[in-house]
Amino acid sequence: MNFEDFIISPRRFRAESWQIGNQITKDIKENSIVLLFVSDYRGADGTAEMQDFTEVRREFYKLSQLDFEIPVVDLGDLVSGKSVQDSHYVLQEVLSACHHKGAIPVIIGGSNDFSYSLFSALHLFVKNINYTQISNIISLKQGEAINERTFLSKILGSKDFSIRNYHHLGYQKHLNETDSVRMIKEVEFDIVRLAEMMNSTEKTEPFFRKADLVTVNCDAIESFGEPFSQNPQVNGLNRREICAYMKEIGLSENLKSVGIFNYNISSGNRLNHQLLAQMIWYLIEGINIQRSHPKERQYEIFYVLVDDREYAFRRDTFSNLWYFGDDENINNCIPCSKRDFEEAKKGWLNARLFR
């Protein structure tokens with residue numbers, strides 16, 4: 001498929017030799033990071049008109065490239081299809097091309113329902129996907145159309161998809177129907193409230209560590225001044241917190257696809273564009289750090305006695321990250337936090353570790 005037919009190539013910006021814009025290319029490369037900007041917000045009751053991402057790019061291109069070794073590609077702006085389904089189809093074709101080359105696509109803009117396309121395209125290459133979503137809303141509404149209210153039920157309820165784990169982070173009680181939250185808990189997927197994510201990433205880091213796919217709904221980020229997202233909220237992750245979480249996403253050992261949706265691209269506030277640009281930058285930093293980690297790891301084993309039964313915790317001596325389980329294959333152990341280990345020593349085991 002000829003991408004030139006439905007992707008508008010980005011304009012170039014003058015960049016200094018130390019800035020990331022100096023190394024950005026326009027063609028998908030092997031094992032690269034591929035940025036693609038989407039304008040279709042019909043899934044969030046918006047429009048499909050072509051949006052201008054110039055200011056976001058301007059802010060992003062002038063950030064430092066540090067010692068990043070992974071190529072960064074700016075593929076351009078996706079032209080919206082005649083229907084939402086057309087946009088999903090074209091996006092999935094681009095995503096498949098990225099996965100074929102071992103590249104990590106990062107989709108920016110568009111409504112949150114494009115998470116479905118990211119999952120669908122990835123499922124052609126990876127089975128039993130670990131999916132983590134940051135969103136203030138949990139919606140499991142049914143319907144034929146794909147939109148931000150139905151996409152999650154289509155992912156979790158599809159007979160064609162296989163999902164290993166689903167983690168929903170940042171939900172806010174006062175914005176959600178009780179039934180949706182209850183249904184997620186009944187199938188024993190993890191739900192973490194906004195209050196549990198504030199100030200530190202330590203508690204929720206385990207939910208990113210093995211993630212294949214992570215999507216971020218910008219409605220989960222607090223707005224300051226002009227709205228940051230399509231459905232702005234006074235409560236949400238603050239600027240420093242979301243950048244810290246973007247780095248955690250990049251640090252995932254299995255990361256293959258990322259989406260950042262529901263951004264208010266029509267914002268006239270430069271600080272909003274600056275924040276989105278820095279979110280992308282911290283994601284790229286995390287990916288580069290993870291790629292530099294050694295493949296072979298050593299683990300310390302700690303045994304804890306709880307109610308006359310012995311449980312094993314393992315600590316990665318390189319990263320200082322913790323796992324729960326007595327299996328020699330670390331992939332069969334459950335990512336956890338040091339806090340989980342400390343609580344176990346006091347006689348309390350997190351129920352999540354037994355699911």
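Residues numbered from 1 in each chain as written. Predicted model: local features only at pLDDT ≥ 70, side-chain atom pairs only at ≥ 80, totals over all residues. Heavy atoms only, no water.

Draft legend 1. Molecular detail of the packing of aromatic side chains. Considering all chains together, one arrives at 21 aromatic pairs under this definition. With centroids separated by 5.1 Å and ring planes inclined at 70 degrees, the aromatic side chains of F228 and Y263 adopt a geometry described as edge-to-face. Within this pair, whereas F228 is found in the loop between strand 8 (213–217) and helix 7 (239–250), its partner Y263 is found in the loop between strand 9 (257–261) and helix 8 (270–292), the two being separated by 35 residues in sequence. Across this residue pair, the class does not change: F228 and Y263 are buried. Grouped by ring-pair contacts, the aromatic residues F302, Y311, F313, W322, F324, F341 and F354 constitute a single cluster. Positioned above the aromatic ring of F37, the side-chain terminus of R57 is 4.2 Å from the ring centre. Over the ring of Y323 we find R209; its NZ or CZ atom is 4.7 Å from the centre of that ring. (Phe/Tyr/Trp six-rings, centres within 6.5 Å; stacked < 30°, edge-to-face > 60°. Helix = DSSP H or I, 4+ residues; strand = E, 2+ residues; numbered from the N terminus. Buried < 20%, exposed > 50% of the residue type's maximum accessible area, 1.4 Å probe, protein only. Lys NZ or Arg CZ within 6 Å of the ring centre and 35° of its normal.)

Draft legend 2. Layout of a nonpolar patch on the surface. A contiguous nonpolar patch, built from I8, M50 and V79 and spanning about 230 Å² of accessible area, is present on the exposed surface. Mapped onto the fold, V79 is located in the loop between strand 3 (72–78) and helix 2 (84–100). (Patch = residues over 30% accessible without salt bridge, like charges linked within 9 Å, V, L, I, M, F, W, Y side chains within 5 Å. Areas by Shrake-Rupley, 256 points an atom, 1.4 Å probe, with all protein chains shown as cover. Salt bridge = Lys/Arg side-chain N within 4 Å of Asp/Glu carboxyl O.)

Draft legend 3. Layout of the pairing of strand 8. Burial within strand 8 is extensive, with 5 of its 5 residues counted as buried. A two-sided burial pattern is seen for strand 8, the buried positions comprising L213, T215 and N217 on one face and V214 and V216 on the other. Two elements, strand 5 (residues 129–134) and strand 8, share 4 bridges in a ladder whose sense is parallel. Bridging across to strand 8, Y131 finds its partner in L213. Relative to strand 9, strand 8 is paired through 5 bridges, and the arrangement is parallel. Bridge pairing links L213 to S257 in strand 9. In terms of handedness, the path from strand 8 via helix 7 over to strand 9 forms a crossover that is right-handed. (Pairing = 2+ DSSP bridges. Right-handed = clockwise from strand over helix to strand, strands pointing away.)

Draft legend 4. A look at the sheet that holds strand 10 (residues 299–306). One open sheet holds the 4 strands; their spatial order is 10-11-12-13, and the pairing between them is antiparallel. Only two strands of the sheet have a single partner each, and these edge strands are strand 10 and strand 13 (334–336). Along the sheet, successive strands turn relative to each other by an average axial angle of 35 degrees, direction set aside. Alignment of strand 11 (residues 309–316) against strand 12 (residues 322–324), held across 3 bridges, turns out to be antiparallel. (Axes fitted to C-alpha atoms, helices over the stretch in contact; angles between N-to-C directions.)

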